[in-house]
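# Report on the structure
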Amino acid sequence: MMELVWLIALFRIFSATQAQASLPEPILEVENNLEEGEEANFQCTMKYAGPEEVSLEIRNKTTKLDSCVQTNTPFPKVTCRPEITMDFQKMEIFCVARLEVRSKTKTLHVRYCPKEVTWVEGETKSFHCKAEGYPTPNVTCSKDSKTYKEGEIFTVSRSMAGLYSCRATNFDTSTEKVTVKVQFRPSVLNIKGPPNFLVSEDENVILTCEAEGDPAPTYSWNTPTADVEILDDSRTVNIRGMKPAHVGRYTCNAQNKHGNDTKTEQLTMPGYNRGQKSEQYWCIVILMVIFSCLISSIYS
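First, a word on what this report is: a plain description of the structure on this page. Note that the structure is a prediction, hence the values are computed from the model and not measured.

### Brief notes about the sheet that holds strand β2 (residues 42-45)
Within a sheet, neighbouring strands are paired by backbone hydrogen bonds and run either parallel or antiparallel to one another. Read from one edge of the open sheet, four strands run β1-β2-β5-β4, paired in antiparallel fashion. The strands lining the two open edges of the sheet, one partner per strand, are β1 (27-29) and β4 (68-71). In this sheet, neighbouring strand axes are inclined to one another by 15° on average, regardless of whether the strands run parallel or antiparallel. Across four bridges, β4 lies against strand β5 (residues 77-80) in antiparallel orientation. What sits directly across from cysteine 68, in β5, is cysteine 80.

Structural data, given as structure tokens:
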């Protein structure tokens, strides 16, 4: 049996070689008096009308010419219209003919259902799981108690993330698993800090920002003073010894490639109003009243 296979293969090679040897010589036509910057017109024709397809190629020793178009009626002919440069000076070109023997055509049928997809919350999407068959299969994708038809349009929410079972059904059933990942813009959940964000003077303070998002968000802060420490994760502000300058608004910014979100908390100190002790304020007021009384008594 193996010997028969080898004999058939050798016969096919011999037949192709014989056909190649029997091809008439291609005829190459070129223009004379070429000028740099102009478009040339080179043609190669071969008077061959056999059943096999012939490809023609105009080339030099190393490469084939570009800007070429082949036609096959009534005979194979290729026309090349390259732009002439100084590289063509004394170039030797020739035409090559090749006999192409093709197999019978086979039609491919591909069932497509991606193993994993990534969507963004708020976008409109659909499942693209197609199947061929007769009758045409009905395709659905399901997770938990929710089912979507193939091609059905919906708005993506983060709750849609998970593993889906996509099923094609006619007289038979075929199932594929699809993992759905959902990305979404950040949302700042809260800023953790001392109770009521009320801090005594010289007390150490830590403020931590908590946010969700996919991809994981990055963080930055707006603070009333630069005299604070931002830790390496950028989520945390560290104040070593609370001072009046630290009183004010602390804003956490969370961002990823889909957007950003912010949240602000007001850090205060007992007895301070905009960074000034209320006791000092009232002392100043009392002193001003006493001073006014003394002035009045002098001129009365």
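### Digging into the state of the cysteines
What makes a disulfide is a covalent bond joining the sulfur atoms belonging to two cysteines. Per the stated rule, a full pass over the model turns up five disulfides. The side chain of cysteine 209 participates in a disulfide bridge whose partner is cysteine 252; the two sulfur atoms lie 2.0 Å from each other. The sign of the -85° torsion about the S-S bond sets the cysteine 209-cysteine 252 disulfide as left-handed. With cysteine 209 in strand β14 (residues 205-214) and cysteine 252 in strand β18 (residues 248-256), this residue pair connects regions lying 43 residues apart in the sequence. You can call cysteine 209 buried: its relative accessible area is 0%.

### Describing the sheet that holds strand β15 (residues 218-222)
In space, the three strands of this open sheet follow the order β15-β18-β19, with antiparallel pairing throughout. Each having just a single partner strand, β15 and β19 (259-267) make up the two edges of the open sheet. If you compare each strand with its neighbour and ignore which way they point, the axes differ by 20° on average. The pairing of β18 with β19 spans nine bridges and is classified as antiparallel. By the bridge assignment for β19, arginine 249 is matched with glutamine 266.

### Focus: the environment of valine 139
Note that valine 139 resides in strand β9 (residues 138-143). In this structure, the C-alpha to C-alpha distance between valine 139 and arginine 167, residues 28 residues apart in sequence, is 5.5 Å. Setting aside its immediate chain neighbours within four residues, valine 139 contacts Cys129, Ala131, Tyr148, Lys149, Glu150, Arg167 and Ala168.

### Describing the pairing of β18
Within a regular beta strand, the side chains point alternately toward one face of the sheet and then the other, so they alternate between its two faces. With respect to burial, β18 is a largely interior element, seven of its nine residues being buried. As paired strands, β15 and β18 are joined by five bridges and run antiparallel to one another. From the neighbouring strand, tyrosine 219 faces β18, where its bridge partner is alanine 254. Where β18 hands over to β19, the hairpin turn is made up of two residues, counted between the paired strands.

### Digging into the nonpolar core
Counting 21 residues, the largest nonpolar core has Leu207, Trp221, Tyr250 and Leu267 as the members making the most contacts within it. Elements supplying a minimum of two residues to this core: β13 (173-192), β14, β15, β17 (236-239) and β18. The greatest single-element share of this core, amounting to four residues, is contributed by β14. The next biggest cluster of nonpolar side chains, apart from the first, holds 18 residues, and it includes Trp119, Ala131, Cys166 and Val180.

### Regarding the side chain of serine 165
Note on placement: serine 165 falls in strand β12 (residues 162-169). Accessibility expressed as a relative area gives 18% for serine 165, which makes it buried. Leaving out residues up to four positions away in the same chain, serine 165 has contacts with Thr140, Cys141, Ser142, Thr175, Glu176 and Lys177.

### Points about the pattern of salt bridges
Per the stated rule, a full pass over the model turns up 13 salt bridges. Two residues, glutamate 229 and arginine 240, come together in a salt bridge whose shortest N-O distance is 3.2 Å. Separated by 11 residues along the polypeptide, glutamate 229 in strand β16 (residues 229-230) and arginine 240 in the loop between β17 and β18 bring together distant segments of the chain. Taking the relative accessible area as the measure of exposure, glutamate 229 reaches 31% and is therefore partly exposed. Using a relative accessible area of 65% as the deciding quantity, one classes arginine 240 as exposed. Notably, a salt bridge pairs arginine 235 with aspartate 233, separated by 4.0 Å at the nearest N-O pair. Several salt bridges converge on common partners, so that one network encompasses Glu57, Arg59 and Arg98.

Criteria and cut-off values
Residues numbered from 1 in each chain as written. Predicted model: local features only at pLDDT ≥ 70, side-chain atom pairs only at ≥ 80, totals over all residues. Heavy atoms only, no water. Pairing = 2+ DSSP bridges. Helix = DSSP H or I, 4+ residues; strand = E, 2+ residues; numbered from the N terminus. Axes fitted to C-alpha atoms, helices over the stretch in contact; angles between N-to-C directions. Disulfide = S-S within 2.5 Å. Buried < 20%, exposed > 50% of the residue type's maximum accessible area, 1.4 Å probe, protein only. Contact = heavy atoms within 4.5 Å. Core = buried A, V, L, I, M, F, W, Y, C linked by side-chain atoms within 4.5 Å. Salt bridge = Lys/Arg side-chain N within 4 Å of Asp/Glu carboxyl O.

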